[in-house]
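Commentary on secondary and tertiary structure
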Amino acid sequence: MERVATTPGLYPLPDDAKEALSDLKGHQRSDLVSGDEAPAVTDVYDDVREEVVAVQRDAGLDRVVEGQARWDDMLAHPLTVHDNVRTEGIVRYYDNNNFYRDPVVEGDLTFDGDVAADLDAAADLADDLQAVLPGPYSLFDLATDEHYGDDAEFLAAIAAFLAGEAEAFPEEVETLFLADPSLVTEPPEEGFDERVSEALDEVAAAVDAEVVAHTYWGAFDERVHAHVLDADVDAVGYDLVTAPEESADLVAEYGTADDVALGLVDGQNTLVESPETIDERVEWFEDRVPDASAPETAYLTSNTELFYLPVNRFEEKVQALAAATEDDT
Amino acid sequence: MSDTRDQFRPADHPHDHFLLTTVVGSYPKPKWLDRTRELHEETAGEEPPRPDLRVDDDAWAEAKDDAARLIVEEHERSGLDTVVDGEMRRNEMVEYFAHRIAGYEFNGPVKVWGHNYFDKPSVVDEVEYDQNWLVDEFEFTSDVSSRPVKVPITGPYTLASWSFNEAYEDDEALANALADLVNREVEALVDAGARYIQIDEPALATTPDDHAIVGDCLERIVAGIPEEVRTGLHVCYGDYSRIYPEILDFPVDEFDLELANGDYEQLDVFKDPAFGNDKDLALGVTDAHDATVESVAEIKEHIEYGLEVVPPERLTVSPDCGLKLLPREVAYQKMANMVTAAREVEAELDAGEIDVQAPADD
């Protein structure tokens, strides 16, 4: 397996930016990013982008993310900044002690371009860009619909919206990571899972880049896994931190996509894995998977987004991931 | 059957019935205290403020004493039967304790939501008890108060869940180790005279399936603690049906629950199966996250909801949660209205004007 070191994005803000943005924006719900920030706020975000791109390049990651510093609402961000979406009270972000503003969709999900604009800015800083979007099903799961009136239609609208956003990405984007934890935390019901697979197809078809459907906080159930394998994605991601055995069993029994993403580093614990530990985990996975279904490429990554960590440990984890691919060559 | 309530009944209590009034703990800090803390931090920093704005350690300690005195007095003025210092000395409910427990380290702030951060600590070694956490706070509060003092302590499950665990096999092992330390602290508090201890476990609301872990931790916490010490458990903002009735087996005298925020939609959870007569219910009767002050009449209605679950002699009256996020005058008025409402309900109970639906204590 070729090893490619990357991350699922959503980085912690550098501590000075945490302070600067708190002062500039405030602490209330209404103070969070809306898509039309004041120039002083944009300046801070531009500096942060430069800083986190430098962290990744210095570490030697093979794919560089923009860092998503503006994503106050984590994976719900592409909706919370949309003109036809209003934000309501803060709600719990999966099973974490973190909260995001509930995005309530009250009109057509038209093209926005918010994510592409940040990637355009990052394209000036790095070539091996990786874009990150929520998987269509996760964004569906995180949002509230007051407009489409039907789950199937709402999911299809979200997929079309994400596809439109992805289509506008700059050509420097080599990989698109779709962070899709809801696929395992709230598995789609039977029947609906086919639509989830079609939604992935639609987003994947919109970009000329490798597409990774990455999951975490557990392992797929078999049925959902099969539908995700049906989708036109290049790689499927597994969380080997929280569910190593179940994930390896799934791949051993049912195979996987051409490539895989392996969540090897714990995005939610400050204990830093050494490059040797990461290497052992990759080898453990390879040993468990029969040669016939062995993926060509493995994206080595943290299982989750990294904003849960303090900055020092975040940087050390990025460095460890990069070092784990260097040892191999 | 526990009977730890009578010791908190004021000698001059005007009614036969006694609905114990209390608060969960935290209270808005006076703005001058926040400003003094900032100046104290700046004074120790690389660019200290001009000399007349410097706040050295002694001045900072004095400011915290003054704030504690002020808030205790505010609690007394509202008429509460048991008071707290509003947690004036505590910056945050996990950080405060982690700074006092060996085995913890701090690496920097992490996001909770938006631009709200917390210095989430990491457990990097075995946790050990090496200094008291709250005894000084309790002794001071007790000295300046004419009413009994309640001591809220962040529970071991929350201390474990809201930390990075680098050292223990899992969060259960860490929570158990921390529970033994909480037990030592409670012993020290009891030696210092504390008779009302509340364990705060908000993390249980996030992961209700872990209620057995919290139960085991509580067994460790109360081990060797005299029976006359009143112990409570505070859990807020969750789906109570996922922890009830299991929590009735927990070794505490009282459950302090948030129900006003959800407009008592979850009240029925505690009727089936019946709450019974072994435990007290500390019912949240004012919303801690809504700056509208409920009227006395509204709060009386809320108190009567409590009487659908427990008889009056098992009912404690409390806000939903700590009041620290409210404007201070709102927090005060909520407490004052709450006490007035409780006293009026007591009078009506004395007069036989209220029909208690909960089974009588027998």
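Placed above this text is the structure.
Residues numbered from 1 in each chain as written. Chains lettered and ligands numbered in written order. Predicted model: local features only at pLDDT ≥ 70, side-chain atom pairs only at ≥ 80, totals over all residues. Heavy atoms only, no water.

**Quick look at the overall build of chain A**
The number of helices and strands found in chain A is 12 helices and 11 strands. Here chain A has a C-alpha radius of gyration of 19 Å; the compact-globule value for 329 residues is 20 Å, and the two agree. Across its three principal directions, the C-alpha atoms of chain A cover 50 × 45 × 35 Å. Each of the 329 residues in chain A was classed as buried or not, and the buried ones make up 60%. (Helix = DSSP H or I, 4+ residues; strand = E, 2+ residues; numbered from the N terminus. Rg over C-alpha atoms; globule rule 2.2 N^0.38 Å. Buried < 20%, exposed > 50% of the residue type's maximum accessible area, 1.4 Å probe, protein only.)

**Quick notes on the packing of aromatic side chains**
Residue and element names in this part refer to chain A. According to the stated counting rule, one finds 26 aromatic pairs over all chains in the structure shown. With a centroid separation of 6.3 Å and an interplanar angle of 55°, the aromatic rings of tyrosine 93 and phenylalanine 307 are classed as tilted. Residue tyrosine 93 is located in the loop between β3 (85-92) and β4 (99-105), and its partner phenylalanine 307 is located in the loop between β11 (297-302) and α12 (311-326); the two are separated by 214 residues in the primary sequence. Looking at tyrosine 93, the relative accessible area reads 0%, which means it is buried. Taking relative accessible area as the criterion, phenylalanine 307 reaches 4% and is therefore assigned buried. Between phenylalanine 177 and tyrosine 299 the ring centres are 6.3 Å apart and the planes differ by 85°, which places this aromatic pair in the edge-to-face class. (Phe/Tyr/Trp six-rings, centres within 6.5 Å; stacked < 30°, edge-to-face > 60°.)

**Concerning the state of the cysteines**
Residue and element names in this part refer to chain B. Here the structure, examined in full by the defined rule, presents 0 disulfides over all chains. Cysteine 236 takes part in no disulfide bond, and the closest cysteine sulfur to it belongs to cysteine 321, at a distance of 3.9 Å. Taking the relative accessible area as the measure of exposure, cysteine 321 reaches 14% and is therefore buried. (Disulfide = S-S within 2.5 Å.)

**Remarks on the packing of helix α2 (residues 57-78) of chain B against helix α4 (residues 135-144) of chain B**
Residues and elements named next belong to chain B. The geometry of α2 relative to α4 is characterised by a closest axis approach of 10 Å and an angle of 50° between their N-to-C directions. In terms of their interaxial angle, α2 and α4 are classed as oblique. Note that α2 runs across α4; the crossing there is right-handed. For the pair α2 and α4, contact is made by Asp65, Ala68, Arg69, Val72 and Glu76 and by Phe140, Thr141 and Val144, respectively. (Axes fitted to C-alpha atoms, helices over the stretch in contact; angles between N-to-C directions. Parallel < 35°, antiparallel > 145°, perpendicular 65-115°, else oblique. Left-handed = near helix turned anticlockwise from the far one by under 90°. Contact = heavy atoms within 4.5 Å.)

**Looking at the nonpolar core**
Among the nonpolar cores identified, the biggest contains 222 residues, and Tyr93, Phe169 and Leu176 of chain A together with Val127, Ile153 and Ile303 of chain B are the most heavily contacted of them. Counting residues per element, this core draws most heavily on helix α10 (residues 328-350) of chain B, which supplies 11 residues. Aside from chain neighbours lying at most four places away, what touches leucine 176 of chain A is Ala131, Val132, Leu133, Ala166, Phe169, Val203, Val207, Ala209, Glu210, Val211 and Val212 of chain A. (Core = buried A, V, L, I, M, F, W, Y, C linked by side-chain atoms within 4.5 Å.)

**Here's the deal with the sheet that holds strand β5 (residues 121-129) of chain B**
Residues and elements named next belong to chain B. The sheet built from 3 strands is open, its strands ordered β2-β5-β7 with mixed pairing. Across the chains shown, the open sheet's two edge strands, defined by having one partner strand only, are β2 (101-106) and β7 (164-165). Contacts between helix α6 (residues 171-191) and the sheet are confined to β2, β5 and β7, with β5 contributing the most and set at about 45° to the helix. (Pairing = 2+ DSSP bridges.)

**A short note on the side chain of lysine 150 of chain B**
Residues and elements named next belong to chain B. Mapped onto the fold, lysine 150 is located in the loop between α4 and β6 (151-154). Look at lysine 150: it is buried, it has no salt bridge, and the nearest opposite charge is aspartate 256 at 4.1 Å. Setting aside anything within four residues of it in sequence, one finds lysine 150 in contact with Thr22, Val23, Val24, Val83, Val84, Tyr196, Gln198 and Asp256. (Lys, Arg positive; Asp, Glu negative; His and termini not counted. Salt bridge = Lys/Arg side-chain N within 4 Å of Asp/Glu carboxyl O.)

**Examining the pattern of salt bridges**
Residue and element names in this part refer to chain B. This structure, assessed with the given rule, holds 46 salt bridges over all chains. Here arginine 50 makes a salt bridge to aspartate 52, at a shortest N to O gap of 2.8 Å. Assessed through its relative accessible area of 52%, arginine 50 is described here as exposed. Given the relative accessible area of 55%, aspartate 52 is considered exposed. In this structure, arginine 77 and glutamate 74 form a salt bridge, with 4.0 Å as the shortest nitrogen-oxygen distance. Taken together, the residues span about one helical turn, with arginine 77 and glutamate 74 both in helix α2 at a distance of 3 residues. On the basis of relative accessible area, arginine 77 is assigned to the partly exposed category, the value being 46%.

**Examining the interface of chain B and chain A**
Facing the 18 residues of chain B at the interface are 32 residues of chain A. If you sort the residues of chain B by the area they bury against chain A, Lys111, Trp113 and His115 of chain B come out on top, with a joint share of 34%. For glutamate 105 of chain B, the salt bridge identified is with arginine 313 of chain A, shortest N-O distance 3.0 Å. At the surface where chain B touches chain A, the tally comes to 13 residue pairs in polar contact (both at pLDDT 80 or more). Counting residues per element, the side of chain B that touches chain A draws most heavily on strand β3 (residues 110-113) of chain B, at 4 residues. For the side of chain B that touches chain A, the residue count by class is 7 nonpolar, 8 polar and 3 charged. (Buried area = accessible area lost by both parts, 1.4 Å probe. Polar contact = N/O pair within 3.5 Å; in protein donor to acceptor, adjacent residues only side chain to side chain. Nonpolar A, V, L, I, M, F, W, Y, C, P; charged D, E, K, R; others polar.)

**Here's the deal with the environment of tyrosine 254 of chain A**
Residues and elements named next belong to chain A. Secondary-structure assignment places tyrosine 254 in helix α10 (residues 244-254). Residues tyrosine 254 and alanine 226, 28 residues apart in the sequence, show an inter-C-alpha distance of 7.8 Å. If sequence neighbours within four positions are ignored, tyrosine 254 has contacts with Glu222, His225 and Leu229. At 2.8 Å, the side chain of tyrosine 254 and the side chain of glutamate 222 are in polar contact.

**Here we look at the sheet that holds strand β9 (residues 230-235) of chain B**
For sheets, the rule is that strands pair by backbone hydrogen bonds, running either parallel or antiparallel. All names here are of chain B. Strands sit in the order β1-β12-β11-β10-β9-β8-β6 across an open sheet of 7 strands; the sheet is parallel. Each of the sheet's edge strands pairs with one partner strand only, and the pair in question is β1 (20-21) and β6. Sheet analysis places strand β8 (residues 196-200) next to β9, joined by 5 bridges and oriented parallel. Among the inter-strand pairings, isoleucine 197 is bridged to a residue of β9, identified as threonine 231.

**Description of helix α6 (residues 151-167) of chain A**
Helix length check: α6 of chain A, at 17 residues, gives a terminal C-alpha distance of 24 Å against a target of 24 Å (1.5 Å per residue), a fit within 8%. Two or three places before alanine 152 of chain A, at the start of α6 of chain A, stands the capping residue aspartate 150 of chain A, its side-chain oxygen 3.1 Å from that residue's backbone nitrogen. (Expected span 1.5 Å × (residues − 1).)

**Details of a negative patch on the surface**
Residue and element names in this part refer to chain A. Judged by side-chain charge, Asp16, Glu19, Asp23, Asp43, Asp47, Glu50 and Glu51 come together as a negatively charged surface patch. Counting residues per element, the ones that place at least two in the negative patch are α1 (15-25) and α2 (39-59). Considering every element that reaches the negative patch, the biggest residue donor is α2, with 4 residues. Relative to the helices and strands, aspartate 43 resides in helix α2. (Patch = residues over 30% accessible without salt bridge, like charges linked within 9 Å, V, L, I, M, F, W, Y side chains within 5 Å. Areas by Shrake-Rupley, 256 points an atom, 1.4 Å probe, with all protein chains shown as cover. Charge placed at Lys NZ, Arg CZ, Asp CG, Glu CD.)

**What to know about the packing of α2 of chain B against α10 of chain B**
Residues and elements named next belong to chain B. Between α2 and α10, the shortest axis-to-axis distance is 8 Å and the interhelical angle comes to 35°. Between α2 and α10, the contacting residues are Leu70, Ile71, Glu74, His75, Arg77 and Ser78 on the first element and Arg328, Tyr332, Met335, Ala336 and Val339 on the second. When the residues that make up the contact of α2 with α10 are grouped by side-chain class, the tally is 6 nonpolar, 2 polar and 3 charged.

**A closer look at the pairing of strand β9 (residues 235-239) of chain A**
All names here are of chain A. For β9, a buried count of 5 out of 5 residues is recorded, marking the element as mostly surrounded by other parts of the structure. Residue alternation in β9 divides its side chains into two sets, Ala235, Gly237 and Asp239 and Val236 and Tyr238, and both sets are buried. Between the parallel elements strand β8 (residues 210-214) and β9, the chain passes through helix α9 (residues 222-230) in a crossover that is right-handed. Across 5 bridges, the pairing between β9 and strand β10 (residues 259-265) is parallel. By the bridge assignment, valine 236 is partnered in β10 with valine 260. One crossover worth recording links β9 to the parallel β10 by way of α10, and it is right-handed. (Right-handed = clockwise from strand over helix to strand, strands pointing away.)

These figures capture arrangement, not role.
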